[in-house]
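The primary structure of each chain is shown beneath.
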Amino acid sequence: MNLLNIIFSKLNMKNGIRIFLSIFVLVTVVSCKKDKGIINVEWQNESLSLTSEICAKYRECADKEWKSIPGNLKKFTEGRLDETQCQKRFRESNAYKLIGEDPLTIQTAYKECHKQILLFSCKDLQEGKIDSVPSCVAFQKIQNGN
């Protein structure tokens, strides 16, 4: 007899309620389990370095446009592009944890996208040309879990 059955039999619950509660507990336990991904220290260090370079590129591009950005949005944007915050957010991502696709696919897509971002001009980034780069599109799908 498992633990749930013992508990529920002691409480003299009807079978329907017992089944419902058993399913509820099982679903809760399964849904609370987070996918921690694959721990690959070499990749984590490399990807944080790439992320730092990408954030620096966007900061550089944003610096040229700060005068045209409203104050509250400017502060929000600066905070998101700050290297510490940028890396903190990336540490929570699918790419950092190698979740959502084959690890080699994730690494390749991110490296290729990173390379293209650094080659783009600020104008290219502002015009959304990143959306036309297959590796960046693939990477975004991985990040979004699609």
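Just above sits the structure.
Fair warning: this is a prediction, and the values are worked out from it, not measured in the lab. (Residues numbered from 1 in each chain as written. Predicted model: local features only at pLDDT ≥ 70, side-chain atom pairs only at ≥ 80, totals over all residues. Heavy atoms only, no water.)

Engineer: Hey, could you run me through the overall build of the protein in this one?
Structural biologist: Scanning the protein for helices and strands turns up nine helices and zero strands. Scanning the protein from its N terminus toward the C terminus, one meets helices and strands in the order α-α-α-α-α-α-α-α-α. Intrachain contacts of the protein at a sequence separation of at least 6 include 65% that bridge at least 24 residues. For the protein, the exposed surface amounts to about 10200 Å²; the carbon and sulfur share of it is 57%. (Helix = DSSP H or I, 4+ residues; strand = E, 2+ residues; numbered from the N terminus. Contact = heavy atoms within 4.5 Å. Areas by Shrake-Rupley, 256 points an atom, 1.4 Å probe, with all protein chains shown as cover.)

Engineer: So what exactly am I meant to see when it comes to the packing of helix α7 (residues 103-119) against helix α9 (residues 134-144) here?
Structural biologist: The axes of two packed helices give the description: the angle between them and the distance between them. Two elements in contact, α7 and α9, have axes separated by 8 Å at closest approach and are oriented at 130°. In terms of orientation, α7 and α9 fall into the oblique class. Between α7 and α9 lies a crossing whose hand is left-handed. Contacts between α7 and α9 involve I106, A109, Y110, E112 and C113 from the first element and S135, C136, F139 and I142 from the second. The residue makeup of the contact of α7 with α9, split by class, is seven nonpolar, one polar and one charged. (Axes fitted to C-alpha atoms, helices over the stretch in contact; angles between N-to-C directions. Parallel < 35°, antiparallel > 145°, perpendicular 65-115°, else oblique. Left-handed = near helix turned anticlockwise from the far one by under 90°. Nonpolar A, V, L, I, M, F, W, Y, C, P; charged D, E, K, R; others polar.)

Engineer: So what exactly am I meant to see when it comes to the nonpolar core here?
Structural biologist: Most often, soluble globular proteins keep nonpolar side chains buried together rather than apart. By size, the foremost hydrophobic cluster in this structure holds 22 residues, and its most contacted members are F90, Y110, I117, I130 and F139. Dropping the residues within four chain positions of it, F90 is found in contact with S47, L48, T51, A95, Y96, Y110, F139 and Q143. (Core = buried A, V, L, I, M, F, W, Y, C linked by side-chain atoms within 4.5 Å. Buried < 20%, exposed > 50% of the residue type's maximum accessible area, 1.4 Å probe, protein only.)

Engineer: When you look at the state of the cysteines in this model, what are you seeing that I'm missing?
Structural biologist: By definition, a disulfide is the covalent link that joins the sulfur atoms of two cysteine residues. By the definition in use, this model includes three disulfides. Bridging C61 to C122, the disulfide has an S-S length of 2.1 Å. In this structure the cystine formed by C61 and C122 twists about its S-S bond by roughly -85°; its chirality is therefore left-handed. With C61 in helix α3 (residues 41-63) and C122 in helix α8 (residues 122-126), this residue pair connects regions lying 61 residues apart in the sequence. (Disulfide = S-S within 2.5 Å.)

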